[in-house]
Structures are given as C-alpha cells and as structure tokens.
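# Descriptive analysis of the structure
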There are 2 protein chains.
Amino acid sequence: MPTVKDVAKRAGVSVATVSRVLNNSEKVSEQTRQKVLNAIEELGFKPNLLARNFRKDRSSLILVVLPTIANAYFARVVKGIEDTARKNGYGILLCTTQNSPEIAAEYLKLIERKQVDGAIIASAKIEIDFCKGLDTKRIVQACEFYPFLDTSLVTIDHKRAFYDIVDYLVKKGKKNILCAIGNEGIPSEFARKEGYKEALEENGLEFKEENVIRCSYGWTELYEKLRNLCCLKKYDAIACSSDLMAVGAIKAAKALGLKVPDEFSVTGFDNIMVSRIYEPSITTVAQPMYEIGEKAATILIDIIENQSVYVKQRIILPHELKTRESA
Amino acid sequence: MPTVKDVAKRAGVSVATVSRVLNNSEKVSEQTRQKVLNAIEELGFKPNLLARNFRKDRSSLILVVLPTIANAYFARVVKGIEDTARKNGYGILLCTTQNSPEIAAEYLKLIERKQVDGAIIASAKIEIDFCKGLDTKRIVQACEFYPFLDTSLVTIDHKRAFYDIVDYLVKKGKKNILCAIGNEGIPSEFARKEGYKEALEENGLEFKEENVIRCSYGWTELYEKLRNLCCLKKYDAIACSSDLMAVGAIKAAKALGLKVPDEFSVTGFDNIMVSRIYEPSITTVAQPMYEIGEKAATILIDIIENQSVYVKQRIILPHELKTRESA
C-alpha cells in the first residue's frame, strides 16, 4: 500500500507538503497541490483518515477507560475499538484506573474539556458519586454495566454464560462444584454467581455460599487459596471467572496430586490466548471480545457524528462454550 | 485511606463542593471552604494530585506510545510509568500504533498541541521522516532506541542480554543453536542477533545466517515455521526473542517428539508471566520492565518540571538470566 512518502517522492515534494495538501492548508501553491493530487491518484494512495481529522473543531479522539492493560482480555476489546476507530478517522487514547472510580472520573473530564469526543468505559469500576455531571450521551459502557450511568451498552449475558459452563460441568457428572469469582461490587460477577446458583439448583444440586471463592483475576491468589483448602479432594470441579484463575486452579490440583480433568475439572472464562496454549488447554466461555469493542466504537462514533438523533442502545452479544481438555 | 467522599460527609457538603475547594474554585463561600479544610485536616486526607493538577496551564498528562497492548511485556512497563506518574500528579494516556511510524507521528502531535506535556515512546516503531519538528526534549525513548531521534533513553543492553542466554546454552553443551528474532528493522533485534553471533563465535561455533529465523513475537508463527522445518532434529536448541516465541518452539518440539530440554532446549526473552506458568517453565532473560517504565517517567517528569536545565540521559538497566525448566 502506498504511503505518504511514496506520494511525496512521486510528486517531487516533501512529506510535509503532502501533509499540508491532505490537511487543506493554505500554505500550498495551486501548482504543487495539483502535483500532489495527481501523485495520490496515480498511486491509488488512501490518505490516513486519522491525519486528516486530527485538527480543527473536533479532537477525533476517543477515550477508552480500562481497569488495567495487564489482562489479555482487554487487548482484544481494545483492538476491536481501535480498528473501528481508525476506519472512521478516529484515534484512541487509553487510560487505566486500577479500578479506582475517582481516577476514572478524572480521566472522563477529558470529554468536558473537549480533548476527546467521547469515551468507552470498558469494565473499569465507576461510582455514582464521581459520575455527576458527565455527558452520558458521549459514553458507551462495554463489558461491564453500571445501571446508574444511563448510557449505551455492549456486553454479554454474564449470568447465562456462567450458567452454561456450570451446567456443562454438571452434565459431565460433576456434583461438588466450587466457583471462583471476582469482587462482589462488580455487576458481572454478581450476575455470574447467580448463574452458578441457578445452574446448580435447576440440576437438583445444593448451592452453598461457602463454595464461592472470591479472588482476583490473576492465577496466584486462587492457587494459594486452593492449596490451603485442606479438603479440595471433596470437590470434583471448579468454575472460574477468568482463564488465569483456571490456570491457578489447575496448578493447585496438580500440586495436590489430582488428575485434571478426571478427578478435578476446571473451567475458565473469556477465552484469552492462555486458555488455548496452556496444557491442559482450558474449557472456557468465549466472550466476543473483539466484537464488543467493535460494536461499542461503532455506537459511540455514530453518537458523536449524529448528535441530533441520539438513540440509546443496549446490545447483548452471544457467548460461546469452548470445550477443551480441562473439563 | 480517607477519600473525597469521607471528607464531604465529615464537612456536611457534597463531593462536588470538596472538589471545588481542592481546585481553588471561586464558587465556594469562605465558610464552606473552612469546613472542608477542617475535615481534610481531621481525617488526614491527601488530595489526589491528579485531580489537583488536572486543570490550568499544564495538561499534567503524559502520552505513552506503544506498538500494541497485546503483549504482557508492555503491561509491566506501563505499570512502572503509571505508578511514577501518579505519585507526581500526572495521568497517562496510552496510544498504540500497530508499529506504523505514521500513526506514531500523529499521536506525538498531541505534544505540540499541548494536550500532553510529553511522551514516552516504548518500543513503538518510528521513522525519521515522520519525526521532523518533534520537540525531542519532551520525549523519552524506552525499551527501544532509534538513534535519529535525539532523546533521553532507558533500555537494557540487548546485545549483551542475548549473548548471555546463548552463552548459557553453549555452556550446557548445546552445539547447534537456532535463533528466532523479530523484524530486521527493529534496533534491539539487530543487537540481539549480534549477541547471538558473538556468543557462538567466542565459543568456537560457527554462525550461519540460515539459522536465524525471523518471525513475529507471538507463538503461532514460530510454531508453524519449526513444524515445517523438516530437519529440526539436527538442532539441539533455540534462543527466542520473546517468551511467547519460546512457547511456540516448545509446542513444535513436543509435536515432533523431541524432549524439552534434553533433546531440544528452548529459551525466551522478557520474563513475562507466561514464562513462569508454562509447563515446562521457560528459561529466559528478565528485563527490568517495571523499572524501565519507572525510570523513563522519572526522567520525563523531571524534564517537564525543570525545563531550563535539560540534561539528556541514557540509562542502561541490568538484565538477569532466569534459569528454569526449558533449558
């Protein structure tokens, strides 16, 4: 694909001059402009939309608010946002909050200051007290949904997804199933726990609060917790709320001499790369991560560009069970 | 630690009012201001520096330019930048370029537009043609160094690091060592190849260009290349330029029935989490990722805040060999 450099060479001008032509700068003579336009046509060059828009009234930037980038899940969501943004002439700026609602609110002020045209909040924790005065029309929530912020939304059915994977474990003959999920304050984790409970009860198994282990999404915390659970052998499976948790559970089971999946089955959630490359490969729920990002960006850009016809959208994308070796 | 909410409650005012006091807004009565200041003192509340600075003349934002976030390596570097930035009252905005020097240049324009106070380019590919007119004083290069951009720098000695791990393989008795590295145009990859060559030659082994495999940093491309290398059995080791490449090499060796590490040793590079959790765990070079980010942010913030005394810094941080199961 021809670049700006190729165009400059063909037209016999500098890259800066090509850039000025693309930006409709006044500083270029008509003759030079024509040379550049000819070169563009001859080479079939497609100007970088980002460059063309990166100027005037709009910032042509979208803010993406994430809890962290240290989770491969977000990389795929961001890629979906990014590809869609770029196609439409937008750049994206990412910020991470380490799940502090206060920090999220600080970054969201960039909307008001017109440094970005809008924001996608992807799973970052937010709180009502810090969200006052935000222009909710310019925000789309992705992955996670906080109902007090009345925005468009793109997510999956977290309850149903967790129900499906627990139901799968039960159908495989598992009867004493642990559940490892994240922080209680996170809406999707609340929903997943409900899914776990419903799957057990609809299959005639008892739900016990004590079988719900709360831990972080990495592998180490769950590993330690299971290693110290003297009675892991009385369980035959665990449904985890992330693929890295599943890695921790498999490591703990192995350390305790339990065969995975025969004696102890483990499931993950998200379908990040590690679930495919780990040995045993991990049975998990595939979230359509890329599509979530793509859809969220499409909705936001549509809102930015057609402000007069704001329609709030709530999109629930399908999930998919990926059966592999661990369960 | 007390929050803005606690202060608001104690002072009997809204969170917004506390925020106005912290920002020295004119809209607060003296009486209310005093109530808030008293509550702040009583609770020992430390105002969020980010909030305090997020206003006036400076943006108090640092741009971090990355090729991608889909590489756990960057998550650690960014964490180092972020912690340091936050401690000093700065927010960070990340952008990803997919290694397009043109896109990198577009984002770097945010410096000129004063939307950010400076930038850290962490491994993103840049080219001289797109970097004209950049204020190099406001840029720090991290991880990767492009000499045409005359900035401060924080990195490791990539040549020496690769030398060390190849030397380790030779000392372990390996004689036919492949090398898998990234794109030729990336300075650190050039340096690593030099390290590979030097380690072989200083140990009396022949360097052969054909034993250098070029591939992307993920696991699939190298996996495919090695699977299709009919004669993998004539080699006894491979030194890879990323930990995910090492995963690909291990998978390929296993698929060809080679025992790792006895028949075929594999080393990685970076020391990302997967190198620890993979089975076999992967012998690798630990880059001080967090420290690289920390140091780059410290240098940049120092430059931003003391512009009159600009001193260019070139920091080479130590690396460390991590010997594990794969070699």
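This is a predicted model, so every value here is computed, not measured. (Residues numbered from 1 in each chain as written. Chains lettered and ligands numbered in written order. Predicted model: local features only at pLDDT ≥ 70, side-chain atom pairs only at ≥ 80, totals over all residues. Heavy atoms only, no water.)

A few words on the overall build of chain A. In terms of regular secondary structure, chain A is built from 12 helices and 12 strands. For the C-alpha atoms alone, the extent of chain A along its principal axes is close to 80 × 40 × 30 Å. For chain A, the proportion of its 327 residues judged to be buried stands at 58%. Of the roughly 13,800 Å² of accessible surface on chain A, a fraction of 49% belongs to carbon and sulfur atoms. (Helix = DSSP H or I, 4+ residues; strand = E, 2+ residues; numbered from the N terminus. Buried < 20%, exposed > 50% of the residue type's maximum accessible area, 1.4 Å probe, protein only. Areas by Shrake-Rupley, 256 points an atom, 1.4 Å probe, with all protein chains shown as cover.)

Let us look at the pattern of salt bridges. Under the definition given, this model contains 42 salt bridges over all chains. The residue Lys322(A) makes a salt bridge to Glu320(A) at a minimum N-O spacing of 3.5 Å. Under the relative-accessibility criterion, Lys322(A) is labelled partly exposed at 25%. Judged by its relative accessible area of 44%, Glu320(A) falls in the partly exposed class. Residue Arg214(B) is joined to Glu184(B) by a salt bridge in which the shortest nitrogen-to-oxygen separation is 3.9 Å. Placement of the pair is Arg214(B) in strand 7 (residues 212-214) and Glu184(B) in the loop between strand 6 (177-181) and helix 8 (187-202), with a sequence separation of 30 residues. (Salt bridge = Lys/Arg side-chain N within 4 Å of Asp/Glu carboxyl O.)

A word on the sheet that holds strand 9 (residues 265-267) of chain A. Backbone hydrogen bonds hold the strands of a sheet together, and the pairing may be parallel or antiparallel. All names here are of chain A. Spatially, the 4 strands line up as an open sheet ordered 7-6-8-9, and their pairing is parallel. The open sheet has two edge strands, strand 7 (212-214) and strand 9, and neither has a second partner. In this sheet, adjacent strand axes meet at a mean angle of 20° when their direction is disregarded. Bridge count between strand 8 (residues 237-240) and strand 9: 3 bridges; the pairing is parallel. Counted as the bridge partner of Ala239 is Thr267 from strand 9. The sheet contacts of helix 7 (residues 158-171) involve strand 6 (177-181), strand 8 and strand 9, and relative to strand 8 the element is tilted by about 165°. Most of the contacts of helix 8 (residues 187-202) go to strand 6, to which it runs at about 170°, and overall it touches strand 6 and strand 7. (Pairing = 2+ DSSP bridges. Axes fitted to C-alpha atoms, helices over the stretch in contact; angles between N-to-C directions. Contact = heavy atoms within 4.5 Å.)

Listed by partner, the interface residues are 47 residues for chain B and 46 residues for chain A. For the pair chain B and chain A, the two sides together bury roughly 4,300 Å², of which 59% comes from carbon and sulfur. Across the contact surface, chain B and chain A share 8 salt bridges. Between Lys254(A) and Glu279(B) there is a salt bridge; the shortest N-O distance is 2.8 Å. Inspection of the chain B/chain A interface yields 18 residue pairs in polar contact (both at pLDDT 80 or more). Elements supplying a minimum of two residues to the side of chain B that touches chain A: helix 1 (4-11), helix 4 (49-53), strand 1 (61-66), helix 5 (72-87), strand 2 (91-96), helix 6 (101-112), helix 10 (243-255) and helix 11 (273-277) of chain B. (Buried area = accessible area lost by both parts, 1.4 Å probe. Polar contact = N/O pair within 3.5 Å; in protein donor to acceptor, adjacent residues only side chain to side chain.)

Another aspect to go through is the relation of the copies chain B and chain A. Copy one and copy two of the chain differ by a rotation about a common axis and a shift along it. Between the two copies, chain B and chain A, the superposition gives an RMSD of 0.2 Å; the rotation angle is 180° and the shift along the axis is 0.1 Å. Taken together, the turn and the small shift mark the pair as related by a two-fold rotation axis. When each C-alpha of chain B is compared by its distance to the rotation axis, Leu94(B) comes out closest, at 2.4 Å. Comparing contact sets, 98% of the residues at the interface of chain B also lie at the interface in chain A, consistent with an isologous, same-surface contact. (Least-squares fit on C-alpha atoms with pLDDT ≥ 70 in both.)

Our next topic: a negative patch on the surface. The grouping of Glu201(A), Glu202(A), Glu206(A) and Glu210(A) at the surface amounts to a negative patch. In this structure, Glu201(A) sits in helix 8. (Patch = residues over 30% accessible without salt bridge, like charges linked within 9 Å, V, L, I, M, F, W, Y side chains within 5 Å. Lys, Arg positive; Asp, Glu negative; His and termini not counted. Charge placed at Lys NZ, Arg CZ, Asp CG, Glu CD.)

The next point concerns the sheet that holds strand 8 (residues 237-240) of chain B. Residue and element names in this part refer to chain B. The 4 strands are arranged 7-6-8-9 in an open sheet whose pairing can be described as parallel. Of all strands in the sheet, those with a lone pairing partner are strand 7 and strand 9 (265-267), marking the two edges. On average, each strand axis in the sheet is tilted by 20° relative to the strand beside it, whichever way the strands run. Sheet strands touched by helix 8: strand 6 and strand 7. Its angle to strand 6, the strand with the most contacts, is close to 170°. Helix-sheet contacts for helix 9 (residues 220-227) involve strand 6, strand 7 and strand 8, and the interaxial angle to strand 7 is about 130°.

This next bit is on the side chain of Gln115(B). The residue Gln115(B) is located in the loop between helix 6 and strand 3 (118-122) in this model. In this structure Gln115(B) touches Leu61(A), Gln115(A), Ser59(B), Leu61(B) and Leu110(B), once residues within four positions along its chain are discounted.

To continue, consider the confidence of the model for chain A. The share of residues in chain A with pLDDT of 70 or more is 95%, and the mean pLDDT across the chain is 91. Between residues 49-56 of chain A, whose pLDDT stays under 50, and residues either more than four places distant or in other chains, the model counts 27 contacts. (pLDDT = per-residue confidence, 0-100.)

Before going further, it helps to examine the pairing of strand 6 of chain A. Residue and element names in this part refer to chain A. Of all 5 residues making up strand 6, 5 are buried, and the element is well covered by its neighbours. Burial of the side chains of strand 6 extends over both faces: Ile177, Cys179 and Ile181 are buried on one face and Leu178 and Ala180 on the other. Looking at chain direction, strand 6 and strand 8 are connected through 4 bridges and run parallel. Within the sheet, the bridge partner assigned to Leu178 lies in strand 8 and is Ile238. Alignment of strand 6 against strand 7, held across 3 bridges, turns out to be parallel.

Before going further, it helps to examine the packing of aromatic side chains. Two measures describe an aromatic ring pair: the distance that separates the ring centres and the angle between the ring planes. Residue and element names in this part refer to chain A. Applying the stated criterion to the full structure yields 10 aromatic pairs over all chains. Centroid distance Tyr146 to Phe148: 5.9 Å. Interplanar angle 50°. Geometry classified as tilted. Assessed through its relative accessible area of 6%, Tyr146 is described here as buried. Judged by its relative accessible area of 33%, Phe148 is partly exposed. Seen from their ring centres, Phe162 and Phe269 are 5.9 Å apart, and the 25° between their planes marks the pair as stacked. Of this pair, Phe162 sits in helix 7 while Phe269 sits in the loop between strand 9 and helix 11 (273-277), and the two are 107 residues apart along the sequence. Exposure class is identical for Phe162 and Phe269. Each is buried. (Phe/Tyr/Trp six-rings, centres within 6.5 Å; stacked < 30°, edge-to-face > 60°.)

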